[in-house]
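Observations on the model geometry
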Amino acid sequence: MFSNNGSAGKNCSRAIFLTDSTMREAYMHTALTLAEEAASCDEVPVGCIICNAAGEIIGTGRNRCLEKHDATAHAEIEAIRQASNIMGDWRLEGCTLFVTLEPCPMCTGAIMNARIRTVVFGAKDPVKGACGSVIDLFSESFPDKAAVYNGVLAEESSAVLSSFFDKVRNNQAVNSFVE
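Residues numbered from 1 in each chain as written. Predicted model: local features only at pLDDT ≥ 70, side-chain atom pairs only at ≥ 80, totals over all residues. Heavy atoms only, no water.

If a probe the size of a water molecule is rolled over the atoms, the empty space left behind becomes visible. Approximately 480 Å³ is the volume attributed to the largest pocket. If you trace the largest pocket, you find 23 residues lining it, with Val44, Val46, Asn63, Leu101 and Asp125 closest to the centre. Looking at the lining of the largest pocket, the elements that each hand over two or more residues are helix H2 (65-68) and helix H5 (154-178). Among the elements that line the lining of the largest pocket, the one with the most residues is H5, at 4 residues. (1 Å grid on protein atoms, 1.4 Å probe; cavity = no way out; pocket = protein on both sides within 12 Å on 5 of 7 lines; lining within 4 Å. Points joined across faces, edges and corners; volume = space filled by probe spheres on them. Helix = DSSP H or I, 4+ residues; strand = E, 2+ residues; numbered from the N terminus.)

Dropping the structure here:
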């Protein structure tokens, strides 16, 4: 399922590649690879890529909160930083962000501040989702809006997260027997 939550600003740019489901899925597969890399490092498995208007990947990121001892080391933030460096500008207008999990409030704020106009995510986040699940920050009175699309490879994105958290719960259960 690929749906728009309706929070797009009236002047949002939408890249041509968004109309091609094969391309959307290809970008999301790249983000899923990054999520799996995060999981292999015991990080919450979230992966993110940013494409420019031509469809070129200009930023990638995965969660690194444990690795960097930094609560802000989310996949989206890492991808925004890399894309900004490549573009030579903090404004990423005309860019599209693909992420495996619905962005949290912090990441949604960073997306707004970077002027990213299109967000595509896989799995909804019923705990911290800020693009419609808990709150929709893009529908609030902020000046920078983005078109938000959800459900691209949602099952695959959810499966990576479920597998990771099952492993965490199983390890906690094993560790409680050892202590």
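With that settled, the discussion passes to the environment of alanine 159. Mapped onto the fold, alanine 159 is located in helix H5. By relative accessible area, alanine 159 is classed as partly exposed at 45%. Between the C-alpha atoms of alanine 159 and alanine 123, which are 36 residues apart in sequence, the distance is 9.2 Å. (Buried < 20%, exposed > 50% of the residue type's maximum accessible area, 1.4 Å probe, protein only.)

Here we take up the nonpolar core. Ile50, Ile80, Leu92, Leu97, Ile116 and Phe138 are the most contacted members of the largest nonpolar core, which has 31 residues in total. The set of elements that each furnish at least two residues to this core consists of strand E2 (47-51), helix H3 (75-87), strand E4 (96-101), helix H4 (105-113) and strand E5 (118-123). Top contributing element to this core by residue count: H3, with 5 residues. If we ignore the near neighbours within four places in the chain, the residues touching leucine 97 are Cys48, Ile49, Ile50, Glu76, Ile80, Ile111, Ile116, Thr118, Val119 and Val120. Ranked by size, the runner-up nonpolar core spans 15 residues in total, among them Met28, Ala31, Leu32 and Val160. (Core = buried A, V, L, I, M, F, W, Y, C linked by side-chain atoms within 4.5 Å. Contact = heavy atoms within 4.5 Å.)

So, on to the packing of H3 against H4. Interhelical geometry of H3 versus H4 gives an angle of 20° and a closest axis separation of 9 Å. When the axes of H3 and H4 are compared, the pair comes out roughly parallel. The hand of the H3/H4 crossing is left-handed. Here Glu76, Ile77 and Ile80 of H3 come into contact with H4, specifically with Met106, Cys107, Ala110 and Ile111. Taken together, the residues of the contact of H3 with H4 sort by class into 6 nonpolar, no polar and 1 charged. (Axes fitted to C-alpha atoms, helices over the stretch in contact; angles between N-to-C directions. Parallel < 35°, antiparallel > 145°, perpendicular 65-115°, else oblique. Left-handed = near helix turned anticlockwise from the far one by under 90°. Nonpolar A, V, L, I, M, F, W, Y, C, P; charged D, E, K, R; others polar.)

Read these as geometric descriptors, not functional statements.
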